[in-house]
Amino acid sequence: MSVHLQSAPASSTTHEPVPARTSAPRRKEGGRSRAGALFVSPYVLFVVVVFAVPLVYTVWISFHRFYFTAPGTDIDSPWVGLSNYRDVFTDPVVGRAFLNIAIFLVINVPLTVGLSLVLAAALNSKMRGRAFFRAAFYVPYVTASVALVAVWQFLFGSDGFVNHLLGSHAPDPSWLVNSHLAMPMIAVFVTWKQLGFFVMLYLAALQNVGKELYEASAMDGAGRVRQFFSVTVPGVRPATTLVVIYAIITGANLFSEPYLLTGGGGPDHSSTSPVLLMYQKGIEQGHPDAAAAIGVVLVAFVMVISLAARKLTERGN
């Protein structure tokens, strides 16, 4: 019996032509890019008009001798170089204003982060009256500052409710006219006023923290406090970065609180903020060039502090 073996057919060396890529996806992607640019253009225009142009003009003013004039009046604005900045850095009131805002941030930012995160974690759990408490913490944020200042004056004024409760233990001078207590009291006031907004940010961030992480940590024997520091705090770290930077920016722009609570930065400039000082020098005293120099220094100060805070809060990511 003979067996016939057939050899396998030789593989063909020819290849099927690869279809050329069409440009349709690129056209589609380009259309999406144009649509995206169209949607963000109003915000970009807003940023340019409201922030970029005034900032550039402020920098220009800070290097010139500048005065506010009536419409139609033309007055020379000679170049003075760093003269305005020398005046700013040698003015003890300006130095005190920046020291005040540093004291404010040291008190306000940790209080804001700590209290808002703890309250958000509590309000995120199942509890009776949760909706009421969420609204209650948010009410001061949407209430006019003048009304809240009236409440604070009633509580901490020289003849306020708190002093009546403390009696002979009340500070003398009183809270808001005490050179050592005025700025800390403003920091506490701003923390209380803005707490609801930051609680809302943390509540939104907590929705992205998986419940399985809490269940796994509970199986490992972690209690509520351990879960808070091991699961909650790392889980909302991006929100913490946002809260810290936002609190720094809003705190550095402090104006209405010292203006209303302490009568314009008293006593002895112990509660004067850089923005309040800009208003006093630029509007009340007629030196907008010096006010512009303070503004430029404040922008640099906020940028440095914000970048340092971001590096600190993002460490370990």
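Here, every reference points to the structure presented above.
Residues numbered from 1 in each chain as written. Predicted model: local features only at pLDDT ≥ 70, side-chain atom pairs only at ≥ 80, totals over all residues. Heavy atoms only, no water.

Caption draft 1: Quick look at the side chain of S271. Mapped onto the fold, S271 is located in the loop between α11 (256-261) and α12 (274-284). If we ignore the near neighbours within four places in the chain, the residues touching S271 are N100, A182, M183, I186, P258, T262, G265 and G266. (Helix = DSSP H or I, 4+ residues; strand = E, 2+ residues; numbered from the N terminus. Contact = heavy atoms within 4.5 Å.)

Caption draft 2: Spatial organisation of the pattern of salt bridges. All chains considered together, the criterion is met by 3 salt bridges. A salt bridge links K281 to D91, with the shortest nitrogen-to-oxygen separation between them at 3.2 Å. Here K281, found in helix α12, pairs with D91, found in the loop between α2 (83-90) and α3 (92-124); they are 190 residues apart in sequence, far enough to count as distant. (Salt bridge = Lys/Arg side-chain N within 4 Å of Asp/Glu carboxyl O.)

Caption draft 3: Spotlight on the side chain of N178. With respect to the helices and strands, N178 occurs in the loop between α6 (161-166) and α7 (182-206). There is a polar contact of 2.9 Å between the side chain of N178 and the backbone nitrogen of H180. Apart from the residues within four sequence positions on either side, N178 is in contact with D172, P173 and P267. (Polar contact = N/O pair within 3.5 Å; in protein donor to acceptor, adjacent residues only side chain to side chain.)

Caption draft 4: Local environment of the packing of aromatic side chains. Applying the stated criterion to the full structure yields 25 aromatic pairs. Residues W60 and F66 carry aromatic rings whose centres are separated by 6.3 Å and whose planes lie at 85 degrees to one another, so their mutual orientation is edge-to-face. By relative accessible area, which is 37% here, W60 ends up partly exposed. On the basis of relative accessibility, which here comes to 11%, the residue F66 falls in the buried class. Where F255 meets Y259, the ring centres are 5.5 Å apart and the plane angle is 15 degrees; that geometry is what we call stacked. A relative accessible area of 35% means that Y259 is categorised as partly exposed. The structure contains a cluster of three or more aromatic residues connected by ring pairs, namely Y138, Y141, F197, F198 and Y246. (Phe/Tyr/Trp six-rings, centres within 6.5 Å; stacked < 30°, edge-to-face > 60°. Buried < 20%, exposed > 50% of the residue type's maximum accessible area, 1.4 Å probe, protein only.)

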